[in-house]
2 protein chains.
Amino acid sequence: MLSLKHIPISSFNENLAYLHKDCTAYRVDEIKSLTKIEIHGGVKTVYAFLQIVDDAKLVKPNEIALNNEAFNQINLPEGANISISLSTPPPSLASVKRKIAGNILSSGEYSSIINDITSRRYSNMDIASFLVASGSFMSAPEVLSLTEALVGDNVFHWDNEAIVVDHHCLGGVPGNKTDIIISAIVGAYGLPMPKTASHSLTSCAGVADTFAVLANVEIDDKTFKKLVQENRAAIASYDSLNIAQASKQISAVERQIGLTQQEHIAASILAIKLAAGVTHLLIDIPVGPKARIKSTTEAMRLRKLIEYVGDMLSMEIDVVITDGSEPIGNGVGAVLEARDVMKVLRNKDDAPQDLLEKSLFLAGRLLEFDPKLRGGQGYHVAKEILTSGRALDVINKMIHAQGKAPQPQLGHLTRDIVSNVNGVVEAIDTARINKIGVWAGAGQYAGAGLDLLKKVGDKVEQGETLYRIHSCNSTDFAYANSVVEGYTGYEISGHNSNY
Amino acid sequence: MLSLKHIPISSFNENLAYLHKDCTAYRVDEIKSLTKIEIHGGVKTVYAFLQIVDDAKLVKPNEIALNNEAFNQINLPEGANISISLSTPPPSLASVKRKIAGNILSSGEYSSIINDITSRRYSNMDIASFLVASGSFMSAPEVLSLTEALVGDNVFHWDNEAIVVDHHCLGGVPGNKTDIIISAIVGAYGLPMPKTASHSLTSCAGVADTFAVLANVEIDDKTFKKLVQENRAAIASYDSLNIAQASKQISAVERQIGLTQQEHIAASILAIKLAAGVTHLLIDIPVGPKARIKSTTEAMRLRKLIEYVGDMLSMEIDVVITDGSEPIGNGVGAVLEARDVMKVLRNKDDAPQDLLEKSLFLAGRLLEFDPKLRGGQGYHVAKEILTSGRALDVINKMIHAQGKAPQPQLGHLTRDIVSNVNGVVEAIDTARINKIGVWAGAGQYAGAGLDLLKKVGDKVEQGETLYRIHSCNSTDFAYANSVVEGYTGYEISGHNSNY
């Protein structure tokens, strides 16, 4: 038996257990490779990877220390009696191997894989194996099976609501923060919209990051339900809600290995929305040469897949394919995007028109889920709600209810990227803009990002600013500066703007 | 700038960096996911994953602590000035994504991937992605590219030696420790055989584990070269030699995710032997219903692949396909296998005949690489060397030169698995025997394993012992006992022996 100790180390979703090299309960000196153990003593078996420590101040030979992740799971006080054993690989890894070999997996196999991920029997390496193996090919029924498995046990029920809506954009377009505006309009109209928002995965800001500039988004299940019932709308970080847990671990690995397969994203989004109790979902697939989806053929294939899964799981889904050829709005990065969103909601003259129009279009489609609304009326109703200031009232109510955010500052290290020719902006490379923003620190720091002063179709003179880089620290700033020299992402009158 | 600290934690091949949550040089409170950083200050940039610590006794806000792996790499004293930056993903990960999408990668791409793995720019997750992606399909030229990349910079040269031999068995057969006997015979004959041996990956014992029962196998490049020159033979753990480094990291991940693809193993083995300066290689592919290779068709495909890579890299390769339908020898597990090996070398009456014959057959093939030896003479020369005691002299010289081992004890916790019927042993399930051995602790503990008292063709009476389980600790022993009940791995006169 070993005595439990907690070492306050956060390892980002991986359970680690620390044993002294002269551990009294287990001979660790013969262990030559990464080893998973089972930790017994709590209500549930906890799985963790071994780390061997040669310092009795950290962990004594008769102790087992756990990092934050494992300690929180075992839910026992320090000093508790613990026994350990070598962990055998979870049986569902056999299914992962079958997938590597090119097989179609059954619904039961996906269910076992996701259960084992949820109980942390999979290491991040194992999750990566599963993602890569299934990433090369999944049949539509497999995507359905994965979606069902990812929903998990905790599903929100919105009593007496026939229609519960949400919107999700399948990403890849910088600055595209219609969701917050849509929430306010739909909330003002009166349809419940329990918006589950993500933090940035590979982009400059997720919806959760942008709304976090305005309000607290880290709210628990109970608060979220209460707020949606009171205001018809609330925006919570999906991470803070206790739903579709396996999807979080999968996202963390996807982020790390930089793998974002459409099938996984579709399954994950639909599972989260199903778990949130959404009955009617609008999905926006932006298509552009540098967007995540590059052709309408590809978008159509994805649309059919989503519709199939939606139909099988009795979710009403409306998929729209939109223009993803240039950034939406001017700001790219949480603080700058929140500024644009508030300009639209406040009906400011300098509000970005593309963001305004896209938000009205999508909000209109959502409103038309309501059978009481005549076909084609959605856009006009949405516009009336916005221009009348009712959407602004709702967003202020939401901010007040969720709690005002600490208001992160815009990055104070700035550099203007100017045009080296006279001409017209002919194209903006959205993937490049996203990369420069990430290098400037966006996605990590709310205040970092790019302020796009020129958009496609704008005239520019030599020396005029195309966009401004904002960074929060000198390391990121130096890096963004060094890479932007190569290629700014702007094409002006037939020339790439190489600064 | 941060001050360097060393925390003596061993994380099995992964670099970890610990920062305090209030780190003075880098805002870590906004980091939400596993993040790789670059550590500057040493001769080479060191890459590590961040762990966030909330305890100033472990790491102060102005410090950066490194685990053993990262600290050894940075090669600076504690207190040194260190700066860090966010690490961008290595460019070669784009090639991994191309492989996931089903493309054939170029030689340059394999080279970049392996270089990035060697410099630890890949996390274990990234390595897993690469293995799974390439595991589903690799063309023969790709296996060649991977092999070339894995050889690395450090290649042994054996001056004035026209023929440098080695033997490798592509595994999957318990107890198959011909290598040690072969080394002694070939060494006695006078051909240089610098044997690089592996520790157990998924088996009950690797050649390195078994020879480690007799002698020290953890020897460095210089000692290894000297010993081969002096005795014509030496057996070193490949882990202790500074060759084909990336292959070690890949093996560690393979072991963890339990993925062993033939293409990877072939590339890794050939690369290690090339790096060891081997010119003539004998490869043994055992085929059996429960061996790693299950059919002669599969074995033939693998043989052609190995011959192709060997030809392209100017290595003389002789591939033999052998019977892998039952374990070789009686012992399974390092201590028991070493006992069998020494019985053969000592010409004991109770030496396992199958191990003896297979060793002579393979040693004979190796000797025939010598153009001076007439075709078909190898076996007889090998037999003469063994029976005359010259092989025993060489093994004793090798043990003396490498240093005697601390002689691990055979596991004292034993259980006899007896037959429940009268009859004849018709088959032994090698995969099952390997698993029960691993569950009993073999592969981790030298003294654990199975002693097979009955082999295929032997008569048994009800109640007679089929094999004896040896464990070194009660956890492993209890586990092996609980699983063996289901299925012992023996088939006796048409009945599975369910104990």
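Above this note sits the structure.
Since we're looking at a predicted model, the values are computed, not measured.

(A) Layout of the side chain of Q249 of chain B. Residue and element names in this part refer to chain B. Along the chain, Q249 turns up in helix α9 (residues 245–257). By relative accessible area, which is 7% here, Q249 ends up buried. Residues contacting Q249, with those up to four places away along its chain left out, are N13, I117, T118, R120 and I127.

(B) Spatial organisation of the state of the cysteines. In total, this model carries zero disulfides over all chains according to the counting rule given. Not engaged in a disulfide, the cysteine C23 of chain A finds its nearest cysteine sulfur in C472 of chain B; these two sulfurs lie 16 Å apart. The exposure class assigned to C23 of chain A is buried, which follows from its relative accessible area of 9%.

(C) Structural detail: helix α17 (residues 474–484) of chain B. Residue and element names in this part refer to chain B. Of all the positions in α17, only D476, F477, A480, N481, V483 and V484 are classed as buried. Its buried side turned inward, α17 meets β14 (413–418), α16 (430–439) and β18 (465–471). Looking at where α17 begins, the residue whose side-chain oxygen comes 3.2 Å from the main-chain nitrogen of T475 is N473.

(D) Quick peek at the nonpolar core. Ranked by size, the top nonpolar core spans 247 residues in total, and within it I39, I64 and Y467 of chain A together with I39, I64 and Y467 of chain B carry the most contacts. Sequence-distant contacts of I64 of chain A, that is, excluding residues within four places in its chain, are made with L2, S3, L4, K5, A17, Y18, L19, I37, I39, V59, I82 and I84 of chain A.

(E) Spotlight on the interface of chain A and chain B. Taken together, the contact pairs 54 residues of chain A with 54 residues of chain B. Summed over both sides, the interface between chain A and chain B buries roughly 4900 Å², with carbon and sulfur atoms accounting for 61% of that surface. A per-residue breakdown of the area chain A buries against chain B is headed by F12, Q256 and Q444 of chain A, which together make up 15% of the total. Taken together, chain A and chain B are joined by zero salt bridges. At the boundary of chain A with chain B, the tally comes to eight residue pairs in polar contact (both at pLDDT 80 or more). Those elements that provide at least two residues to the side of chain A that touches chain B are β2 (9–10), β3 (16–20), β5 (46–53), β7 (81–86), α2 (93–100), α4 (124–136), α9 (245–257) and α17 (474–484) of chain A. Counting residues per element, the side of chain A that touches chain B draws most heavily on α4 of chain A, which supplies eight residues. Note that β2 of chain A and strand β5 (residues 46–53) of chain B share two bridges and pair antiparallel.

(F) View of unusual backbone geometry. Even without being a glycine, Q407 of chain A presents a positive backbone phi close to 55°. Here Q407 of chain A is to be found in the loop between α15 (390–402) and β14 (413–418). A positive phi angle, close to 55°, is found at F12 of chain B, a residue other than glycine. Following the sequence through the fold, F12 of chain B ends up in the loop between β2 (9–10) and β3 (16–20).

(G) Layout of the pairing of strand β18 (residues 465–471) of chain A. Residue and element names in this part refer to chain A. Within β18, six of the seven residues are buried, which leaves the element mostly enclosed by the surrounding structure. Strand direction decides the pairing type here: strand β16 (residues 449–452) and β18, joined by four bridges, are antiparallel. Paired with L450 across the bridge in β18 is I469.

(H) View of the packing of aromatic side chains. Residues and elements named next belong to chain A. Across all of its chains, the model carries 10 aromatic pairs over all chains by this definition. Where F156 meets F224, the ring centres are 6.3 Å apart and the plane angle is 50°; that geometry is what we call tilted. Here the residue F156 occupies a position in the loop between α5 (140–151) and β8 (165–169), and F224 occupies one in helix α8 (residues 221–231), the gap between them amounting to 68 residues. A relative accessible area of 1% places F156 in the buried class. Taken together, F156, W158 and F224 form an aromatic cluster joined through their ring pairs. For the cation-ring pair, K248 lies above Y238, with the distance from its terminal atom to the ring centre recorded as 4.9 Å.

(I) Quick look at the environment of H380 of chain B. All names here are of chain B. Its location among the elements puts H380 in helix α14 (residues 378–387). Using a relative accessible area of 53% as the deciding quantity, one classes H380 as exposed. A C-alpha to C-alpha distance of 16 Å links H380 and S183, two positions 197 residues apart in sequence.

(J) How the structure looks around the sheet that holds strand β11 (residues 280–287) of chain B. Residue and element names in this part refer to chain B. Pairing in this open sheet of three strands is parallel, and the strands run β8-β11-β12 from one edge to the other. Of all the strands in the sheet, the pair left with one neighbour each is β8 (165–169) and β12 (316–323). For this sheet the average axis-to-axis angle between neighbouring strands, irrespective of direction, equals 20°. Direction of pairing for β11 relative to β12: parallel, over a ladder of eight bridges. Across the sheet, the residue bridging to H280 is E316, located in β12.

(K) Structural detail: the side chain of R432 of chain A. All names here are of chain A. Summarising the element assignment, R432 is placed in helix α16 (residues 430–439). Despite its burial, R432 pairs with no opposite charge; the closest candidate is D429, at 6.5 Å N-O. In this structure the side chain of R432 is engaged in a polar contact, spanning 2.9 Å, whose partner is the backbone oxygen of V483. Apart from the residues within four sequence positions on either side, R432 is in contact with W439, V483, V484, Y487, T488 and G489.

(L) Highlighting the pattern of salt bridges. Residues and elements named next belong to chain A. The tally for this structure, following the rule as stated, stands at 50 salt bridges over all chains. Residue D126 is joined to K36 by a salt bridge in which the shortest nitrogen-to-oxygen separation is 3.4 Å. Here the residue D126 occupies a position in helix α4, and K36 occupies one in strand β4 (residues 36–40), the gap between them amounting to 90 residues. Pair check on accessibility: D126 and K36 agree, each one buried. The partner of D284 in a salt bridge is K358, and the shortest N-O contact between them spans 2.8 Å. Taken as a pair, D284 in strand β11 (residues 280–287) and K358 in helix α13 (residues 353–367) lie far apart in primary sequence, 74 residues in all. A network of salt bridges, in which partner residues are shared, links D166, D179, K195 and K273.

(M) Structural context of the sheet that holds β11 of chain A. Residue and element names in this part refer to chain A. Pairing within the open sheet is parallel, and its three strands lie in the order β8-β11-β12. Taken across any chain shown, the strands that pair with only one partner, and hence form the sheet edges, are β8 and β12 (316–323). Geometrically, the sheet is characterised by an average inter-axis angle of 20° between neighbouring strands, direction not taken into account. In the packing of α13 onto the sheet, the strands contacted are β8, β11 and β12, and the crossing angle to β12 comes to about 160°.

Rules and cut-offs
- Residues numbered from 1 in each chain as written.
- Chains lettered and ligands numbered in written order.
- Predicted model: local features only at pLDDT ≥ 70, side-chain atom pairs only at ≥ 80, totals over all residues.
- Heavy atoms only, no water.
- Helix = DSSP H or I, 4+ residues; strand = E, 2+ residues; numbered from the N terminus.
- Buried < 20%, exposed > 50% of the residue type's maximum accessible area, 1.4 Å probe, protein only.
- Contact = heavy atoms within 4.5 Å.
- Disulfide = S-S within 2.5 Å.
- Polar contact = N/O pair within 3.5 Å; in protein donor to acceptor, adjacent residues only side chain to side chain.
- Core = buried A, V, L, I, M, F, W, Y, C linked by side-chain atoms within 4.5 Å.
- Buried area = accessible area lost by both parts, 1.4 Å probe.
- Salt bridge = Lys/Arg side-chain N within 4 Å of Asp/Glu carboxyl O.
- Pairing = 2+ DSSP bridges.
- Phe/Tyr/Trp six-rings, centres within 6.5 Å; stacked < 30°, edge-to-face > 60°.
- Lys NZ or Arg CZ within 6 Å of the ring centre and 35° of its normal.
- Axes fitted to C-alpha atoms, helices over the stretch in contact; angles between N-to-C directions.
- Lys, Arg positive; Asp, Glu negative; His and termini not counted.

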